[in-house]
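Listed below are the residues making up each chain.
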Amino acid sequence: MHRTATTLADGRELVYFDQEPGALRDVPDERPLGPTASLSEIRLDPVLGEWVTVAAHRQQRTYHPPAGQCPLCPSRNGHLSEIPAADYEVAVFENRFPSLATGSAEHVTARDAPLHTLRPGNGRCEVVCFTSDHHASFADLDEPRARLVLDAWTDRTAQLSALPGVQQVYCFENRGEEIGVTLAHPHGQIYAFPFIPSRTTRMITQAHEHRTRTGRNLFEDLLTTERNSPERLVLQGEHWTAFVPFAARWPYEVHLYPHRRVRDLTALTEAERAEFPGLYLNLLRRFDALFPATPGSAPNRTPYISAWHQAPSTGGDELALHLELFTIRRAAGKLKYLAGVESGLDAFVTDVSPEQAAARLRDAALG
């Protein structure tokens, strides 16, 4: 992997990732951009003990632009984008409309009034462009390119974890308008949080309770149990296993674990990194095969969220790196909308049994 760092016209960082050195990457950003100002703040919910990010400036972000004006395509034929180069393999840059930003403290003042705790939204949000091909998808990548994306995620995890105040790094991809994606170009995001999100906190609590009860690690026991439960297994390799969780919350949900428990992406071995791309691409293609397109129509693109759960910088020694992949599509032409008990109480009701979901994924015709 070859890494080239540069800056955009407004001072934001851009990093190109290439499989081999030699590509032309020292291209200036010729756009007349003014400086950005993040008004991001985080507020503590006194009832739930959870931080909520307020980023009103994001109302101005780019929303469903025409393909010819895509800000994630390369800069070609007079179109100047967030990527100044005329082509690229993988590119990562600071979001111009971030939920969290390192400069928030310059514009937001902390407050500690009773029941009104507020802090600047210090952190960082980055955009990860998987390919320069606007019409592709992650599932269309070959294994070397998918490996390059993994290397980019790993690089950014290491770099962002070292920033002052960052407590957790979260790499994820949203795909499909049904999920809420506003830019069609294949891309993901990375958030560097100044707090530990509530879901991670709950996992840490469960892991500590399991250790107290059994003397063992929760995630190691979970993986062992699921590897011995063939009715929910989807894929197995030498170093990774993909399974549908016993208590899956989404219609089609798969978790992908390395067999060796590690805290984050930076701790994976070369053998684990080498096997990941093939398994992950296989999973994505199985998701697309769940709901085949009708003859003569465009290829099916199942909407999904794919997310890396990594241990925070402190207090997460019991956690295990794993990837969670799920779709909100429950049947052809039907989406799962969160109902009152789910949105209001976080009490999920699933429409598809985990065992049925795993069987469908195992049987999916990849073509």
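Residues numbered from 1 in each chain as written. Predicted model: local features only at pLDDT ≥ 70, side-chain atom pairs only at ≥ 80, totals over all residues. Heavy atoms only, no water.

## Notes on the sheet that holds strand β4 (residues 50-54)
Part 1: With antiparallel pairing, four strands are arranged side by side in an open sheet as β4-β3-β7-β6. Where the open sheet ends on each side, the last strands, each with one partner, are β4 and β6 (111-113). Between one strand axis and the next, the sheet turns through 20 degrees on average, direction left out of account.
Part 2: Across five bridges, the pairing between strand β3 (residues 41-45) and β4 is antiparallel. Looking across to β4, one finds that leucine 44 is bridged to tryptophan 51. (Pairing = 2+ DSSP bridges. Helix = DSSP H or I, 4+ residues; strand = E, 2+ residues; numbered from the N terminus. Axes fitted to C-alpha atoms, helices over the stretch in contact; angles between N-to-C directions.)

## So, the sheet that holds strand β10 (residues 187-193)
Part 1: Taken together, the eleven strands give an open sheet; going across it, the order is β1-β2-β5-β8-β10-β9-β14-β15-β13-β12-β11, and neighbouring strands pair in antiparallel fashion. Edge positions in the open sheet fall to β1 (2-7) and β11 (233-236), since each of these has one partner strand only. The mean angle between the axes of side-by-side strands here comes to 20 degrees, regardless of whether they run parallel or antiparallel.
Part 2: One ladder, built from five bridges, connects strand β9 (residues 168-175) with β10; its direction is antiparallel. Within the sheet, the bridge partner assigned to tyrosine 170 lies in β10 and is tyrosine 191.

## Observations concerning the packing of aromatic side chains
Part 1: Taken as a whole and judged by the stated rule, the model has 18 aromatic pairs.
Part 2: Note on phenylalanine 130 and tryptophan 153: the rings are 6.5 Å apart at their centroids and 85 degrees apart in plane angle, and the pair reads as edge-to-face. Taken together, the positions of phenylalanine 130 in the loop between β8 (124-129) and α1 (143-161) and tryptophan 153 in helix α1 put the pair 23 residues apart, joining distant regions of the chain. You'll find phenylalanine 130 and tryptophan 153 in the same group, each marked buried.
Part 3: Each ring, one from phenylalanine 172 and one from tyrosine 191, has its centre 5.6 Å from the other, and the planes form 70 degrees; the classification is edge-to-face. (Phe/Tyr/Trp six-rings, centres within 6.5 Å; stacked < 30°, edge-to-face > 60°. Buried < 20%, exposed > 50% of the residue type's maximum accessible area, 1.4 Å probe, protein only.)

## What about helix α2 (residues 198-214)?
Part 1: Taking 1.5 Å of rise per residue, 17 residues should cover 24 Å, and α2 covers 24 Å from first to last C-alpha, within 8% of that figure.
Part 2: Buried within α2 we find Thr200, Met203, Ile204, Ala207 and His210. Projection of α2 onto a plane perpendicular to its axis shows the buried side chains occupying an angular sector of 125 degrees, all on one side. Across α2 from its buried face, at more than 90 degrees, point the exposed residues Thr212 and Arg213.
Part 3: Along its buried surface, α2 packs onto β9, α3 (218-227), β14 (304-309) and β15 (322-327). (Expected span 1.5 Å × (residues − 1). Arc of directions from axis to C-beta. Contact = heavy atoms within 4.5 Å.)

## A look at the environment of histidine 322
Part 1: Position of histidine 322 among the secondary structure elements: in strand β15.
Part 2: When neighbours within four sequence positions are excluded, histidine 322 is seen to be in contact with Met203, Phe219, His255, Leu256, Tyr257, Ala307, Trp308 and His309.
Part 3: At a separation of 2.9 Å, a polar atom in the side chain of histidine 322 contacts the main-chain carbonyl oxygen of alanine 320. (Polar contact = N/O pair within 3.5 Å; in protein donor to acceptor, adjacent residues only side chain to side chain.)

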